[in-house]
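A closer look at the structure
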Amino acid sequence: MPVSHEDLLTTTSGDLLEVASPANRKRAESEVSRYYDAHQEPSSSSPDSHPLLDVGNNNTTPVASGGAVVGGVLVGAGGGAGGVPPTGAATTTLPVLQRRDSGRGRARELLPRKSSLSMPTAPLTFQHHHRKNPSSGSISRVHSSTPSGRPPLSQDFSRGSTESTSVASETLQNSTPPFTSHEPSVPGLTGRTRSLSRTRSLSYMKRMEPELPDFMVSAPAKVIMYGEHAVVHGKAAIAAALSLRSYLHVHHLPRDNRTVTLHLADIDLNHTWDIESLPWDYFNSPAKKRIHFDTVTSLDPELLEALQPFLASIVNKYHSAATAFLYVYLCLGSKHSPASVFTLRSTIPIGAGLGSSASITVCLSAALHLQSGMLVRPSAKLFEEECTRQLKRINDWAFVGEMCIHGNPSGVDNTVATGGKAVLFRRGDYSKPPEVKRLEYFPELPLMLVNTNQPRRTAELVAAVHGLRNSHPTTCGLMLDAIDNVTAEAMMLLDNKHFRPDDSHLTRLGELVRINHGLLVSLGVSHPKLERVRQIVDGSGIGWTKLTGAGGGGCAFSVLKPLQMPGDEAKKLKVEATLEEEGMVTYEATLGGDGVGVLWPAMHGKPDERTAITKEMFLAADGNEGVEALVGVKTLGSGRLAWGFWREWLPEEA
Ligand SMILES: Nc1ncnc2c1ncn2[C@@H]1O[C@H](COP(=O)(O)OP(=O)(O)O)[C@@H](O)[C@H]1O
Ligand SMILES: C[C@@](O)(CCOP(=O)(O)O)CC(=O)O
């Protein structure tokens, strides 16, 4: 029987527990205190943190939970089928990559599965003994050991080593000694001396170990089928998720490191800030403070101003991505945020109309929420309402990032990149949330995507349309209304379970594509290269073409006619060859995939021989194919031990 999300309690670990069970409440409370201990040393809690996200009422159905403690949070599905009962004991064997530097090279050469690696990989066995602390009643876990019996100390250790961090921190928090001594014995040390030495080494371990496991997030590109630009002016647009994606790896540093690094590998931007010197006082002042469930619809110029000294040395032409990162980082984080390295790679062409900026801001927003314990990670236990809530948090803050990059985004791009599949989107009033209708029956369409490779900037094109509208308000207003009509007509076809991609339906969609493109030409956002694509594709009679995104270059797509007549296939191949000869790139586009996903912890391989995906491996992956082969949502699949998605679409499969 399904459990309502109101019956469940969400913990900092992202696990859902039945609310009525006292043991579960205790467990959640102890997670909260561990969370504060890890994030807000010394012990003070701050109002900007929300470690215990939701507390509901009325329990009916038990939802067991288990999983391994990693840096104070639980990892794994933690309580799905086969989960560990809260007071039981479990043994987990994980292979661990024990090396500091994996070096560079092709991704597949780096997969740390075989003994050919220059540094050893070693299996690590953890035993989780769940004990009741007699004084606090909280549940603790003690013991982990490496094969050599030494506690791991390297920052590059994967989950296993982090496990022992949590053991160390738990031990330090307890005034009474731990229940079982599985710690390494130190010859010659006994009694008080030994215990002092143990305390020191535990505190050293605590400082040296990261607070959280490394993890990854990913978000897709999008194609606007109808309504770009008009959507900025309050009209509707239809957009769908595209199979190209951005991937963000989050690596946590030892606790005594107080830096945060943003490495945008595609644009060669790699910058490190000292966390404590960032302008927290501005961002955390009561008048300015915005937190994760706030909906922010405009940027604060004073906060932007406060960031400038920290961005001044970044001369990269794509530096607005760094502004987006810092703005959201300072809003969602605190002086005590864990030291980390954010490494981003994307398979989406940058500035080509496919929503590369939204895809990266969705990744950044999701990662920062996850890092600060403000999201429930996806799992089969999440209900549609809960998924919607998580997605809204991510999307709202991705929109803030988009504002830093675009200036005046409609929000359609980040909405599709967050939720996936396809939507009808309209934002009539910028001070209110947009209307979003999910297109449940969005069909599989025969599309060809063409990148003209003509660079352009969305912000400039959006500003140009604003300028035109100011100088020709009536005419421009009518054109925007006409685009709105096109979108409404297309909607009747695309959100219809009886849609058949046969001649008559496809022809209507195709004609609407052509009309929409003509209106965009009139708004001044086409480009000779986009017109050339249209001439080649539409001229050969194989489909209907329209620019997508902001225009001015970037991408166009064509809805292709069914290949029915002899010679149709040859015509299509000739079109592709001509486009490529002229320096354009063609893609077979798959629309309607998943939105934002999370790989927590960042590991790959079969369930029983999983290895960490390090940031070095991620950086060394060769091109887009290498990235897809190493971390791709298709490669690693989805499920309990792989990419998880907050799916509003297919909750029964989640
Ligand atoms: N892979 C990436 N790495 C770093 N920054 C990126 C990446 N992709 C996009 N961006 C940011 O997004 C901006 C491009 O956004 P935009 O002009 O809206 O084009 P698009 O249509 O691709 O979203 C870049 O200037 C850069 O700031
Ligand atoms: C022109 C616009 O409608 C879409 C821009 O898309 P892109 O940034 O070119 O992917 C702007 C917007 O909706 O924010």
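Cut-offs and rules
- Residues numbered from 1 in each chain as written.
- Chains lettered and ligands numbered in written order.
- Predicted model: local features only at pLDDT ≥ 70, side-chain atom pairs only at ≥ 80, totals over all residues.
- Buried ≥ 20, exposed ≤ 12 C-beta atoms within 10 Å, placed from the backbone.
- Helix = DSSP H or I, 4+ residues; strand = E, 2+ residues; numbered from the N terminus.
- Pairing = 2+ DSSP bridges.
- Near = placed C-beta within 6 Å.
- Nonpolar A, V, L, I, M, F, W, Y, C, P; charged D, E, K, R; others polar.
- Domains from an automatic or database assignment.
- UniProt positions renumbered as here; feature names shortened; annotations may be inferred.
- Axes fitted to C-alpha atoms, helices over the stretch in contact; angles between N-to-C directions.
- Parallel < 35°, antiparallel > 145°, perpendicular 65-115°, else oblique.
- Left-handed = near helix turned anticlockwise from the far one by under 90°.
- Contact = placed C-beta atoms within 7 Å.

Here's the deal with the pairing of strand β16 (residues 447-451)
The element β16 is largely enclosed, with a buried count of four among its five residues. Looking at chain direction, β16 and strand β18 (residues 555-560) are connected through five bridges and run antiparallel. Within the sheet, the bridge partner assigned to N451 lies in β18 and is C555. Examined bridge by bridge, β16 and strand β19 (residues 585-588) share four bridges and lie antiparallel to one another.

Some words on the site of ligand 1
In the vicinity of ligand 1 there are 23 residues, among which A321, S346, S356, S357 and T458 approach most closely. Elements represented by at least two residues in the shell around ligand 1 include exactly α7 (320-332), β13 (340-346), α8 (356-371) and α9 (384-406). Here the shell around ligand 1 takes three residues from α8, the largest share from any one element. Grouping the amino acids of the shell around ligand 1 by side-chain chemistry returns eleven nonpolar, ten polar and two charged. Two domains each donate at least three residues to the shell around ligand 1, and these are domain 2 (215-224 + 245-405) and domain 3 (447-588).

Here's the deal with the UniProt feature "domain: GHMP kinase N-terminal" (unreviewed entry) in the chain
Within this numbering scheme, the UniProt entry marks residues 342-417 as carrying the feature "domain: GHMP kinase N-terminal" (unreviewed entry). Helix and strand shares over residues 342-417 are 59% and 7% respectively, and the end C-alpha atoms of the span are 19 Å apart.

Description of the site of ligand 2
Near ligand 2, the surroundings consist of 18 residues, among which P409, S410, T458, G549 and A550 are the closest. Contributing elements (two or more residues each) for the shell around ligand 2: α10 (412-419) and α11 (458-471). In terms of residue class, the shell around ligand 2 is built from eight nonpolar, eight polar and two charged.

So, the UniProt feature "domain: GHMP kinase C-terminal" (unreviewed entry) in the chain
Mapped onto this numbering, the UniProt entry annotates "domain: GHMP kinase C-terminal" (unreviewed entry) at residues 506-562. A helix fraction of 51% and a strand fraction of 19% characterise residues 506-562, whose end C-alpha atoms lie 9 Å from each other.

A word on the environment of L332
By the element assignment, L332 lies in helix α7. Look at L332 and you get buried, because 24 C-beta atoms sit within 10 Å. Between the C-alpha atoms of L332 and H406, which are 74 residues apart in sequence, the distance is 20 Å.

Structural notes on the packing of α8 against α9
Axis angle and axis distance: for two packed helices, these are the angle between their axes and the distance between the axes, and together they describe the pair. Where α8 meets α9, the closest approach of the two axes is 8 Å, and the angle between their N-to-C directions is 130°. In this view, α8 runs oblique relative to α9, as classed from their interaxial angle. For the element pair α8 and α9, the recorded crossing hand is right-handed. Across the interface between the two elements, S357, A358, T361, V362, L364, S365, A366 and H369 from α8 touch R393, I394, W397, A398, G401, E402, I405 and H406 from α9. Considering only residue class, the contact of α8 with α9 consists of eight nonpolar, six polar and two charged.

What about the pairing of strand β10 (residues 236-252)?
Where a strand is regular, its side chains alternate between the two sheet faces. Most of β10 is tucked away, with 16 of its 17 residues classed as buried. Relative to strand β14 (residues 422-426), β10 is paired through five bridges, and the arrangement is antiparallel. Within the sheet, the bridge partner assigned to A237 lies in β14 and is F425. For β10 and β13, the ladder comprises seven bridges, and the chain directions are antiparallel. By the bridge assignment for β13, V250 is matched with F342.

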